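Take a look at the letters that make up each chain.
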Amino acid sequence: MSTLLAFELATEACSVALLHDGRLLARHEVAPRRHAELALPWAEALLAEAGVAKSQLDALAVGVGPGAFTGVRLAISLVQGIALGLDRPVMPVSTLAALAQPLLAEGPVLAAIDARMGELYIGEFAADADGLPKALAEEALLPVGVAAAALLARWPVTDLGRVGAGTGFAAGGGAWCAELAGRLKRVEAEALPTAAAVARIAAAAFARGHAVAPERLEPAYLRDKVALTSAEQAAARAAKAGAGEA
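Note that this is a predicted model, so its numbers are computed, not measured.

## Observations regarding the side chain of His20
With respect to the helices and strands, His20 occurs in strand 2 (residues 13-20). Setting aside its immediate chain neighbours within four residues, His20 contacts Ser2, Thr3, Val52 and Gln56.

Dropping the structure here:
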């Protein structure tokens, strides 16, 4: 079994986990603006608790976003520094996939993180054969006002079984997802991604040989994506038209 040290710092939660001999140790706390203060000491404490030396790590895992850019960059810098010092590979993991992972046993998950500025980070996932997240659509940054219409435009009318997870469901007072009523089993608007989920996803990917060199780590910063799908464009046009008539 692999030994992995994982970080997830892309949201207000500071989260670190260690997977060793099938045992998962983790520290997780909502601690805005304290990630730089807490992450490394927590990692050292987990290694000490497990009796694991850094030299025993097989790889490092990290949530690469989307999320708060400062937190994502911090996590990537920490992981790159440790991995380069130890000459170990790294496992990049989608923060949205980590958010979805604990809920996949209930069915497909719509993960949404509040991206501020009236926008949402959106990802859709189902469980693969190992119970780990498999993307159903490309992750996207959507304006709150058109997110529901864009999602409904690509969902089959018979698809009624999704679970919602993440702070995005509370964005704008939560009114944006009223259009999704009846299409979601339930919503966990306070759910946050964890390093434990990052470690689980990374361990499976590592076993499949999907590790990368630390210098190749890049943040998943979806604001760099300027193109919308045709469904998203149609939804945006419809929303603007509706706003003009109001």
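## A word on unusual backbone geometry
The omega angle of the peptide bond from Gly65 to Pro66 is 10°, so this bond is cis rather than trans. Among the structural elements, Pro66 can be located in the loop between strand 4 (59-63) and helix 2 (69-86). Residue Arg33 is not a glycine yet carries a positive backbone phi of 65°. Among the secondary structure elements, Arg33 is positioned in the loop between strand 3 (23-30) and helix 1 (35-50). Phi at Met117 takes a positive value of approximately 55°, unusual for a residue other than glycine. Relative to the helices and strands, Met117 is located in the loop between strand 6 (109-116) and strand 7 (119-127).

## Let's talk about the packing of aromatic side chains
The description of an aromatic ring pair uses the distance of the two centres, along with the angle that the planes make with each other. Across all of its chains, the model carries two aromatic pairs by this definition. Between the aromatic rings of Phe69 and Tyr221, the centroid separation amounts to 4.7 Å while the plane-to-plane angle is 50°, which identifies the pairing as tilted. In this pair, Phe69 is assigned in helix 2 and Tyr221 in the loop between helix 5 (195-207) and helix 6 (230-245), connecting sequence segments 152 residues apart.

## Describing the pattern of salt bridges
Considering all chains together, one arrives at 10 salt bridges under this definition. Residue Arg162 is joined to Glu124 by a salt bridge in which the shortest nitrogen-to-oxygen separation is 2.6 Å. Of this pair, Arg162 sits in strand 10 (residues 162-165) while Glu124 sits in strand 7; the two residues are 38 residues apart in sequence, bridging distant segments of the chain. Side by side, Arg162 and Glu124 carry an identical accessibility label, which is buried. Where Arg186 meets Glu188, a salt bridge forms, and the shortest distance between an N and an O atom there is 2.7 Å. Taking relative accessible area as the criterion, Arg186 reaches 31% and is therefore assigned partly exposed. The exposure class assigned to Glu188 is partly exposed, which follows from its relative accessible area of 29%. Members of the salt-bridge network, linked through shared partners, are Glu29, Arg34 and Glu37.

## Things to note about the layout of surface pockets
Rolled over the atoms, a probe sized like a water molecule indicates the empty space that remains. In this structure, the largest pocket encloses a volume near 370 Å³. If you go around the largest pocket, you meet 23 residues; those closest to its centre are Ala10, Thr11, Glu12, Ala68 and Phe69. Breaking the lining of the largest pocket down by element, the ones donating at least two residues are helix 1, helix 2 and strand 6. Tallied by class, the residues present in the lining of the largest pocket amount to 11 nonpolar, six polar and six charged. Taken as a whole, the second largest pocket holds about 260 Å³ of empty space. In terms of lining, the second largest pocket is formed by 16 residues, of which the most central are Pro92, Val93, Pro133, Ile201 and Ala205. Sorting the residues of the lining of the second largest pocket by element identifies strand 5 (90-93), strand 8 (133-135) and helix 5 as the ones contributing at least two each. Counted by class, the lining of the second largest pocket contains 11 nonpolar, two polar and three charged residues.

## Remarks on the packing of helix 1 against helix 2
Helix-helix packing: each pair is described by the crossing angle between the helix axes and the interaxial distance. Where helix 1 meets helix 2, the closest approach of the two axes is 11 Å, and the angle between their N-to-C directions is 30°. For the crossing formed where helix 1 meets helix 2, the hand is right-handed. Together, His35, Ala36, Ala39 and Leu40 of helix 1 and Leu74, Leu78 and Ile82 of helix 2 make up the contact between the two elements. Its residues assigned to classes, the contact of helix 1 with helix 2 shows six nonpolar, one polar and no charged.

## Quick look at the sheet that holds strand 5
Reading across the sheet, the five strands line up as 3-2-1-4-5 and stay open at both edges, with mixed pairing between neighbours. In this open sheet, the two edge strands, each paired with only one partner strand, are strand 3 and strand 5. Taking each pair of neighbouring strands and ignoring which way they run, the sheet shows an average axis angle of 15°. Pairing analysis gives five bridges linking strand 1 (residues 4-8) to strand 2, with the strands arranged antiparallel. Residue pairing in the sheet places Leu5 in a bridge with Leu18 of strand 2.

Cut-offs applied
- Residues numbered from 1 in each chain as written.
- Predicted model: local features only at pLDDT ≥ 70, side-chain atom pairs only at ≥ 80, totals over all residues.
- Heavy atoms only, no water.
- Helix = DSSP H or I, 4+ residues; strand = E, 2+ residues; numbered from the N terminus.
- Contact = heavy atoms within 4.5 Å.
- Phe/Tyr/Trp six-rings, centres within 6.5 Å; stacked < 30°, edge-to-face > 60°.
- Salt bridge = Lys/Arg side-chain N within 4 Å of Asp/Glu carboxyl O.
- Buried < 20%, exposed > 50% of the residue type's maximum accessible area, 1.4 Å probe, protein only.
- 1 Å grid on protein atoms, 1.4 Å probe; cavity = no way out; pocket = protein on both sides within 12 Å on 5 of 7 lines; lining within 4 Å.
- Points joined across faces, edges and corners; volume = space filled by probe spheres on them.
- Nonpolar A, V, L, I, M, F, W, Y, C, P; charged D, E, K, R; others polar.
- Axes fitted to C-alpha atoms, helices over the stretch in contact; angles between N-to-C directions.
- Left-handed = near helix turned anticlockwise from the far one by under 90°.
- Pairing = 2+ DSSP bridges.

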